[in-house]
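Analysis of the macromolecular model
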Amino acid sequence: MSQALITAHELSLKKGQQVILDRVSMELGRQQIVTIIGPNGAGKTSLLRILIGLNKPSSGKLTYAHKLTFGYVPQKLQLNEQMPLPVHSFLSLAGVSDAQYQAVLEQLHIRHLHDASMHDLSGGERQRVLLARALLRQPDVLVLDEPAQGVDLGGQQRLYALIDAARKQYNCAVLMVSHDLHWVMAQTNNVICLNKHVCCSGHPDHIANDKAFLQLFGDSGQPQVTTYTHHHDHHHDLTGNIIDGQHDGSCSHDH
């Protein structure tokens, strides 16, 4: 791996007695695509928000490369439906030059949306505008939480192509939460299979036959909601909590 932009060591997050994350460790290198996958309630968005500094862990250590800049595409954008907000006003909040602004519009093929209302955009159009705002920060790490949610199949393919092109153009890493396993398994450098702790991680080729991965996703490519047994020392309940066994926070597997 290249020099790490983010190093996380045994991050845990608790809310009262509820365990959200349990001793999660990972690294992200420049130009890498790292994708976090897992069932609903696995802690994916919570981990993402901790990694980019929006929330603090209960315990653990985070180390960042010097002067790291993030560009963040959230899962949902809350807008005041009563307040007009054209695309150019939304993007101008990034505070960049007109040349940078025009270049990103061209790059993401959204010049025609300059005067459109944010409220009237399709799912794919809104995601490209959010991606534009993230790229205007010229990020070292592009962070996306379910970027293809609410986007039709053709739009998803175009969006993922734009994300990969941006990674190369900006020489940035991509850190993503995604349920789109077809894209994840084809394009990601490293997959983190999360269910409150790291069940397995590695290159897609290495985890595709991992028992923990198969128990979570099966052959359907969709997260399973039933209880499953991790193949060496512990069990999960329906919410992903470890309910017995001696779990040491590591999940090494033979491939």
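Counting restarts for each chain, with residues numbered from 1 along the sequence as it is written. Given that the model is predicted, a residue must reach a pLDDT of at least 70 before its local features are reported, and side-chain atom pairs must reach 80 or more before they are shown or counted; all residues, however, enter totals for whole chains, interfaces and linings. Hydrogens and water are ignored here; the side-chain numbers use all heavy atoms of the structure.

Right, let's talk about the confidence of the model for the protein for a bit. pLDDT runs from 0 to 100 and stands for how confident the predictor is about each residue. Of all residues in the protein, 84% attain a pLDDT of 70 or more, and the chain-wide mean is 82. Should any heavy atoms of two residues lie within 4.5 Å, those residues are counted as being in contact. Across residues 220-255, where pLDDT falls below 50, the model places 81 contacts with residues more than four positions away in sequence or in other chains.

Here we take up the environment of alanine 132. Secondary structure elements are taken from DSSP: a helix is a run of H or I of four residues or more, a strand is a run of E of two residues or more, and numbering for both begins at the N terminus. Residue position: alanine 132 is located in helix H4 (residues 123-135). For the pair alanine 132 and valine 104, spaced 28 residues apart in the sequence, the C-alpha separation amounts to 6.1 Å. Ignoring any residue separated from it by four or fewer positions in sequence, one finds alanine 132 in contact with Leu91, Val104, Leu108 and Ile110.

Following DSSP output, two strands are said to pair if at least two bridges run between them. In spatial order, the strands read E2-E1-E4; together these three strands make up an open sheet with antiparallel pairing. Every interior strand has two partners, whereas the edge strands, strand E2 (18-29) and strand E4 (59-64), have only one. Across the sheet, the axes of successive neighbouring strands diverge by a mean angle of 10°, strand direction being ignored. Sheet analysis places strand E1 (residues 4-15) next to E4, joined by five bridges and oriented antiparallel. Residue pairing across strands places histidine 9 opposite lysine 61, the latter belonging to E4. Across the sheet, helix H1 (residues 44-51) lies against E1, E2 and E4, angled at about 125° from E1, the strand it touches most. Simply put, an axis is a line fit to the C-alpha atoms, just over the touching stretch for a helix, and the angle between two N-to-C directions goes from 0 to 180 degrees.

Attention now moves to the sheet that holds strand E7 (residues 173-177). Across the sheet, which stays open at both edges, the six strands sit in the order E5-E6-E7-E3-E8-E9 with mixed pairing between neighbours. On the outer flanks of this sheet lie strand E5 (70-73) and strand E9 (198-202), each paired with one strand and no other. Each strand axis lies, on average, 15° off the axis of its neighbour in the sheet, ignoring direction. The sheet contact formed by strand E8 (residues 190-194) and E9 spans four bridges and is antiparallel. Counterpart to valine 191 in the pairing with E9 is glycine 202. Packed onto the sheet, helix H5 (residues 153-170) meets strand E3 (33-37), strand E6 (141-145) and E7 and runs at close to 150° relative to E7.

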